[in-house]
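# Structural description and commentary
Residue-level listing of the chains:
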Amino acid sequence: MKTLAFTLLVACFCTILSAQTEFGVKGGLNFTFFKVTEGDFGTNPDTEIGYYGGVFVDFPIDNDFHLQPELLYKGVGDFKFLNAPIYLKYDVYENVHILVGPSLNYFFDFFSNKFKVRADLSLDYDFSSDLSMHMKYTIGLEELSPNVLFMGLGYRL
């Protein structure tokens, strides 16, 4: 499973290098909502605020569709992990976009299970050709995997 996810990620980035692309950085805050109270999730077991930052690449597929893989570093309390969502992006209007796709997560220490797959739904609004605001919701697909709301800014380089 890890090898397949890594191969898919490398294939996406290789394809990206040969197409007209937009590169950028993004970051912001995340609000984590834990599903269970029995787990030891730190001082606040219901909700916790964290941070994220990383890079994204956006390249057109056809008309209003794009593929946008990202690589983000995230922190929530004592948990640190890498997040690699692979989004299908649709241009609703000129500056409003919907993004959906799987989110591949590698936790540096989340009990003993280090790799998790989640589902993302995101809305993006472009203030200008360089600056955008985004909000995304990540759904945990496993019992102990929390749901997360992300709010932040992106800047195209």
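Provided above is the structure to which this section pertains.
Residues numbered from 1 in each chain as written. Predicted model: local features only at pLDDT ≥ 70, side-chain atom pairs only at ≥ 80, totals over all residues. Heavy atoms only, no water.

The subject of this paragraph is the side chain of Ser103. Within the element layout of this structure, Ser103 appears in strand β5 (residues 96-107). Here the side chain of Ser103 touches Asn83 through a polar contact of 2.5 Å, side chain to side chain. If we skip the residues at most four places from it in the chain, Ser103 touches Asn83, Ala84, Pro85, Lys116, Val117, Arg118 and Asp120. (Helix = DSSP H or I, 4+ residues; strand = E, 2+ residues; numbered from the N terminus. Polar contact = N/O pair within 3.5 Å; in protein donor to acceptor, adjacent residues only side chain to side chain. Contact = heavy atoms within 4.5 Å.)

We now examine the environment of Gly50. Inspection of the secondary structure puts Gly50 in strand β2 (residues 47-62). On a C-alpha basis, the gap between Gly50 and Lys80 in space is 9.7 Å, while along the polypeptide they are 30 residues apart. Among all residues touching Gly50, those that are not within four sequence positions of it are Gly28, Leu29, Asn30, Gly75 and Val76.

By the secondary structure assignment, Val148 is in strand β8 (residues 147-156). Contacts of Val148, omitting those with residues within four sequence positions, involve Asn30, Phe31, Thr32, Arg118, Lys136, Tyr137 and Thr138.

Summed over the entire model, instances satisfying the criterion amount to 5 salt bridges. Across the pair Lys26 and Glu70 runs a salt bridge whose closest N-O atoms are separated by 2.7 Å. One end of the pair, Lys26, is in strand β1 (residues 22-33); the other, Glu70, is in strand β3 (residues 65-76), and 44 residues separate them in sequence. Under the relative-accessibility criterion, Glu70 is labelled buried at 1%. A salt bridge links Asp126 to Arg156; its shortest N-O distance comes to 2.7 Å. (Salt bridge = Lys/Arg side-chain N within 4 Å of Asp/Glu carboxyl O. Buried < 20%, exposed > 50% of the residue type's maximum accessible area, 1.4 Å probe, protein only.)

Note that every value here comes from positions in space, so none of it alone points to a role or purpose.
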